[in-house]
Amino acid sequence: MSEAFLFAGLKVLDVGSWIAGPVAATMLADFGADVIKIEMPGVGDQYRQLSAAANTPVTDSNYMWKCAD
């Protein structure tokens, strides 16, 4: 089995917010897990709103998510 697909077939439900939970889910997805992210109805992931409030540089997508890449 390729290391890139170590978690292939694993189903993950990400109900975390802010940094630790979503980052862990992202890492599992990077290794092949199927991740479903659940966010607060009407609000979404509050971390996305941080970049607007933090006076971050303007980018074509969310700056905070670009920092995580």
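To be clear, the structure that these remarks concern was listed above.
In this text, all values refer to a predicted model and were calculated from it rather than measured experimentally.

Each helix and strand in the protein chain was counted, giving three helices and two strands. Reading the protein chain from its N terminus to its C terminus gives the helix and strand order β-α-β-α-α. By residue count, 17% of the 69 residues in the protein chain fall in the buried class. In the protein chain, the share of contacts with a sequence separation of at least 24, taken over all contacts with a separation of at least 6, comes to 32%. Split by element, the accessible area of the protein chain, about 5,100 Å² in all, is 63% carbon and sulfur.

In this sheet, strand S2 (residues 34–37) lies alongside strand S1 (residues 11–14) in parallel orientation, the contact comprising four bridges. Bridging across to S2, Asp14 finds its partner in Lys37. Viewed along the sheet, the connection from S1 through helix H1 (residues 20–30) into S2 turns out right-handed.

Our next topic: a nonpolar patch on the surface. On the surface, Leu6, Phe7, Leu10 and Phe31 cluster together into a nonpolar patch covering about 310 Å² of accessible area. Topologically, Leu6 is positioned in the segment before S1.

Moving on: the pattern of salt bridges. All chains considered together, the criterion is met by three salt bridges. With its nearest N and O atoms 3.8 Å apart, the salt bridge here joins Asp14 to Lys37. In this pair, Asp14 is assigned in strand S1 and Lys37 in strand S2, connecting sequence segments 23 residues apart. Given the relative accessible area of 28%, Lys37 is considered partly exposed. The partner of Lys37 in a salt bridge is Asp45, and the shortest N-O contact between them spans 3.3 Å. Taking relative accessible area as the criterion, Asp45 reaches 5% and is therefore assigned buried. Each of Asp14, Lys37 and Asp45 takes part in one network of salt bridges that share partners.

Rules behind the numbers
- Residues numbered from 1 in each chain as written.
- Predicted model: local features only at pLDDT ≥ 70, side-chain atom pairs only at ≥ 80, totals over all residues.
- Heavy atoms only, no water.
- Helix = DSSP H or I, 4+ residues; strand = E, 2+ residues; numbered from the N terminus.
- Buried < 20%, exposed > 50% of the residue type's maximum accessible area, 1.4 Å probe, protein only.
- Contact = heavy atoms within 4.5 Å.
- Areas by Shrake-Rupley, 256 points an atom, 1.4 Å probe, with all protein chains shown as cover.
- Pairing = 2+ DSSP bridges.
- Right-handed = clockwise from strand over helix to strand, strands pointing away.
- Patch = residues over 30% accessible without salt bridge, like charges linked within 9 Å, V, L, I, M, F, W, Y side chains within 5 Å.
- Salt bridge = Lys/Arg side-chain N within 4 Å of Asp/Glu carboxyl O.

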